[in-house]
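# Observations on chain architecture
Chain by chain, the residues:
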Amino acid sequence: MIRMTKESVRQIEQHGEHTYPEECCGILLGVNKDGVQKVETVIELDNNQDENRRRRFFVTPKQYLQAERMAVERGLELLGFYHSHPDHPAIPSAFDTEHALPCFIYVIVSVAEGKAKSMTAWLLSGTRERFDERSLSIEKSTANEVGEQGARVENSDK
Ligand SMILES: [Zn+2]
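Reference entry: report on the structure contained in this document. Since this is a predicted model, take the numbers as computed values, not measurements. (Residues numbered from 1 in each chain as written. Predicted model: local features only at pLDDT ≥ 70, side-chain atom pairs only at ≥ 80, totals over all residues.)

## Some thoughts on the sheet that holds strand β3 (residues 36-45)
Sheets are built from strands that pair by backbone hydrogen bonding, the pairs being arranged parallel or antiparallel. Using the following cut-off: Note on pairing: two strands pair once DSSP finds at least 2 bridges between them. To qualify as a helix, a DSSP run of H or I must reach at least 4 residues; to qualify as a strand, a run of E must reach at least 2; elements of each kind are numbered from the N terminus. In this description, a line fitted to the C-alpha atoms serves as the axis of each element, helices being fitted only across the stretch in contact, and the angle between N-to-C directions of two axes falls anywhere from 0 to 180 degrees. Contact between two residues is assigned when their C-beta atoms, built from the backbone, lie within 7 Å.
Read across the open sheet, the 8 strands follow the order β7-β6-β5-β4-β2-β3-β1-β8; overall the sheet is mixed. Each edge of the open sheet carries a strand with a single partner, namely β7 (131-134) and β8 (136-139). Strand-to-strand twist in this sheet, taken as the mean axis angle between neighbours without regard to direction, amounts to 35°. Pairing geometry for strand β6 (residues 115-124) and β7, over 4 bridges, is antiparallel. For L124, the partnering residue across the bridge sits in β7 and is F131. Along the sheet, helix α1 (residues 6-19) makes contact with β1 (2-5), β2 (25-33), β3, β4 (77-86), β5 (105-112), β6 and β8, crossing β5 at roughly 55°. Set on the sheet, helix α2 (residues 61-73) makes contact with β2, β3 and β4; between it and β4 the angle comes to about 130°.

Right, here's the structure in full:
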């Protein structure tokens, strides 16, 4: 299972809406524990695919190294990547399957007529033949968690 906060989901949706009708892409950093991948930070990347930005995304080796370094700096892991499908469903394309790396999460958001619609998460099979869909759990915002902590501090003072 993959867990993301509402803020992370909204950040990806807004990136996809902003770059529409071109694809957006970015990096997912987080923690991989007990079979659950929790996304902590979403980092936007420029789309480096020159010839057809509407249908393809490409993370350059330099961006990949930057992503690895940012993960280490934050004490997080590089969990995977996200990109948008302008006016296409949130299902991996043949191009995605050919260019993806096993063991990384691929989050896809479909953007129809400039508005983000559905979001899905995928993992490439070990044989690299197909993507398997993973459940995506969206959690309440970090702001709420801070609020709860604040309430607990208040109670302990009484
Ligand atoms: Zn794609």
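## Examining the nonpolar core
As a reminder of what qualifies: As used here, a nonpolar core is made of buried Ala, Val, Leu, Ile, Met, Phe, Trp, Tyr and Cys residues. They are joined through C-beta atoms within 7 Å. Backbone-placed C-beta atoms define the burial measure: a residue is buried with 20 or more other C-beta atoms within 10 Å of its own, exposed with 12 or fewer, and partly exposed in between.
Counting 30 residues, the largest nonpolar core has L28 and V107 as the members making the most contacts within it. Breaking this core down by element, the ones donating at least two residues are β1, α1, β2, β3, α2, β4, β5 and β6. Every residue in contact with L28, bar those within four places of it in the chain, is listed here: V39, V42, L79, G80, F81, Y82, I105 and V107.

## Some details on α2
For clarity, the threshold we go by: Expected helix span is computed as 1.5 Å times (number of residues minus one).
Compared with an ideal rise of 1.5 Å per residue, which puts 13 residues at 18 Å, α2 spans 18 Å between its outermost C-alpha atoms and is within 8% of the ideal. Remark: G75 follows α2 within two positions and exhibits a positive phi of approximately 70°.

## Regarding the environment of V59
Within the secondary structure, V59 is located in the loop between β3 and α2. Through-space distance from the C-alpha of V59 to that of L45 is 8.1 Å; in sequence the pair is 14 residues apart.

## Some details on the pairing of β3
Bridge count for β1 against β3 is 2 bridges, and the pairing is parallel. Bridging across to β3, R3 finds its partner in K38. Where β2 lies against β3, 9 bridges are found, and the strand directions are antiparallel. When the sheet's bridge partners are listed, G30 is paired in β3 with V39. Taking the residues that link successive antiparallel strands as the turn, the β2-β3 hairpin has 2 residues, and the phi of D34 there is positive, at about 50°.

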